[in-house]
Amino acid sequence: RIHYGVLTAGSATLSANKKNYEKEPHLHVKGVGRSTGAVRTFFKVEDIYESYINLRTGLPSYYIRNVSEGGYRQHLHADFNHGNNSLILTDKKNSKNPPRTIKTVSGIQDMLSAFYYLRDKGTTMKVGDVHSMNIWIDDEMFPFRLRVAGSEDVKTAFGTVNCLKIIPSVMSGRVFKDKEGVTLYVTNDANLVPISIKAELAVGSLKASLSDYKNVKYPINFRK
């Protein structure tokens, strides 16, 4: 559940299922976000993100960003070729634009695959660690870094749980107030389930909190 100030602004879900893609086993990850309630009446959001992650390499094979936010619309598909560090970008919204071949770098991730890559590495995460990678966002590549700043007990609707406090480096300015204006809390266990996100925006603040979860691999130690 996503809150903007005192308003419930929307909801977001993440799901992951095993599928074959190009005859190889993949993890199909889908993220859906939408505005709700009063916020939706003046700012309608319908966002869909999808990533097909190769289970053998941990790298994305295909990435979809299909978003509608107010008057903004974008629908991009990225087909990765990690063998020669390139991708083919197709603009599904503007069919007149031909697909573009773009050079990338070794080990590039997309926005969704990066999260699952870090979860996969999470059993070795410890306070003080810094992780860096390159992430494909929209139609360009960005360097990304996150820092494991500490551990804290976080209260949730399911009870209190110990979490790792993670601070990603974001672009300050138009959206975020400063470069370290986002804080993510994930369970301090082998699941690394996202529990809470806090973001200081250029205007106001945003918070997301876990409202439901299912099919986690290990029990989560919520304490009443």
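Predicted, not measured: the structure shown is a model, and the values here were computed from it.

K.L.:
Help me understand the pattern of salt bridges, please; the structure alone is not making it clear to me.
P.N.:
Two side chains carrying opposite charge are able to pair once their charged atoms lie near each other. This model, assessed by the stated rule, comprises 7 salt bridges. Here glutamate 46 ties to arginine 34 by a salt bridge, and the two come within 3.5 Å at their closest N and O atoms. Residue glutamate 46 is located in strand E4 (residues 45–54), and its partner arginine 34 is located in strand E3 (residues 24–35); the two are separated by 12 residues in the primary sequence. A relative accessible area of 29% means that glutamate 46 is categorised as partly exposed. According to the relative accessible area criterion, arginine 34 is partly exposed, its value standing at 34%. For the salt bridge of glutamate 152 with lysine 165, the shortest nitrogen-to-oxygen distance reads 3.7 Å. One end of the pair, glutamate 152, is in strand E11 (residues 140–156); the other, lysine 165, is in strand E12 (residues 159–168), and 13 residues separate them in sequence.

K.L.:
Hey, could you run me through the pairing of strand E6 (residues 72–81) in this one?
P.N.:
In summary, the side chains of a regular strand alternate between the two faces of the sheet. One ladder, built from 8 bridges, connects strand E5 (residues 60–69) with E6; its direction is antiparallel. What sits directly across from tyrosine 62, in E6, is aspartate 79. Where E6 and strand E7 (residues 86–91) come together, 6 bridges link them in antiparallel fashion. Each bridged residue has a counterpart across the sheet, and for asparagine 81 the counterpart in E7 is serine 86.

K.L.:
Can you help me understand the environment of asparagine 162 in this one?
P.N.:
In this fold, asparagine 162 is placed in strand E12. Judged by relative accessible area, asparagine 162 falls into the partly exposed class, the value being 26%. Between the C-alpha atom of asparagine 162 and that of glutamate 152, which follows or precedes it by 10 residues, the distance is 5.6 Å. Not counting chain neighbours up to four residues away, the residues in contact with asparagine 162 comprise Ser151, Glu152, Asp153, Val186, Thr187, Asn188 and Arg223. A polar contact of 3.0 Å, which involves the side chain of asparagine 162, links it to the side chain of aspartate 153. Side-chain polar atoms of asparagine 162 contact the side chain of asparagine 188, separated by 2.9 Å.

K.L.:
Sorry, what's going on with the nonpolar core here?
P.N.:
It is characteristic of soluble globular proteins that their nonpolar side chains tend to be buried jointly. Judged by nonpolar contacts, the single largest core of 17 residues is most densely connected at Ala78, Phe80, Leu87, Leu89 and Trp136. Put simply, the parts of the chain that give this core at least two residues each are E3, E4, E5, E6, E7 and helix H2 (111–120). Listed in part, the 12 residues of the second largest apolar core include Leu118, Met133, Leu146 and Leu164.

K.L.:
Honestly, unusual backbone geometry in this entry has me stumped. Any pointers?
P.N.:
Excluding glycine, residues mostly carry a negative phi; peptide bonds, for their part, are mostly trans. If you check the backbone angles, lysine 23 has positive phi at about 65° while not being a glycine. Looking at the element boundaries, lysine 23 is found in the loop between strand E2 (7–21) and E3. Despite not being glycine, leucine 192 shows a phi value in the positive range, around 50°. Within the fold, leucine 192 resides in the loop between strand E13 (182–187) and strand E14 (194–200). Leucine 192 sits in the buried class, given a relative accessible area of 3%.

K.L.:
Explain the packing of aromatic side chains here, please?
P.N.:
Two numbers describe a pair of aromatic rings. These are the distance of the centres and the angle of the planes. If you walk through the whole model with that rule in mind, you get 6 aromatic pairs. The interplanar angle of 40° and the centroid separation of 5.9 Å between the aromatic rings of tyrosine 21 and tyrosine 62 together place this pair among those described as tilted. Separated by 41 residues along the polypeptide, tyrosine 21 in strand E2 and tyrosine 62 in strand E5 bring together distant segments of the chain. With respect to class, tyrosine 21 is no different from tyrosine 62; both count as buried. By way of ring pairs, the aromatic residues Tyr21, Tyr52 and Tyr62 are connected into one cluster.

Rules behind the numbers
Per chain, the residues get numbers from 1 upward, laid out in the order the sequence is written. A pLDDT threshold of at least 70 governs which residues receive local features in this predicted model, and a stricter bar of 80 or more applies before side-chain atom pairs are shown or counted, although totals over entire chains, interfaces and linings include all residues. Neither water nor hydrogens contribute to the side-chain values; these are computed over all heavy atoms in the structure. Any Lys or Arg side-chain nitrogen found within 4 Å of a carboxyl oxygen on Asp or Glu counts as a salt bridge. The helix and strand labels rest on DSSP assignments: H or I over at least four residues marks a helix, E over at least two residues marks a strand, and numbering proceeds from the N terminus. We call a residue buried when its accessible area falls under 20% of the maximum for its residue type, exposed when it is over 50%, and partly exposed in between, using a 1.4 Å probe and counting protein chains only. What makes two strands pair is DSSP finding at least two bridges between them. Only heavy atoms enter the contact rule, under which two residues are in contact if any of them lie within 4.5 Å. We define a polar contact as two N or O atoms separated by no more than 3.5 Å, with the added condition that, inside protein, one atom must be a possible hydrogen donor and the other a possible acceptor, whereas residues neighbouring each other in sequence contribute only through side-chain atom pairs. In this text, buried Ala, Val, Leu, Ile, Met, Phe, Trp, Tyr and Cys residues form a nonpolar core when linked through side-chain atoms within 4.5 Å. Between 30 and 60 degrees the pair is tilted, below 30 it is stacked and above 60 it is edge-to-face, where a pair is any two Phe, Tyr or Trp rings, Trp via its six-membered ring, whose centres lie within 6.5 Å.

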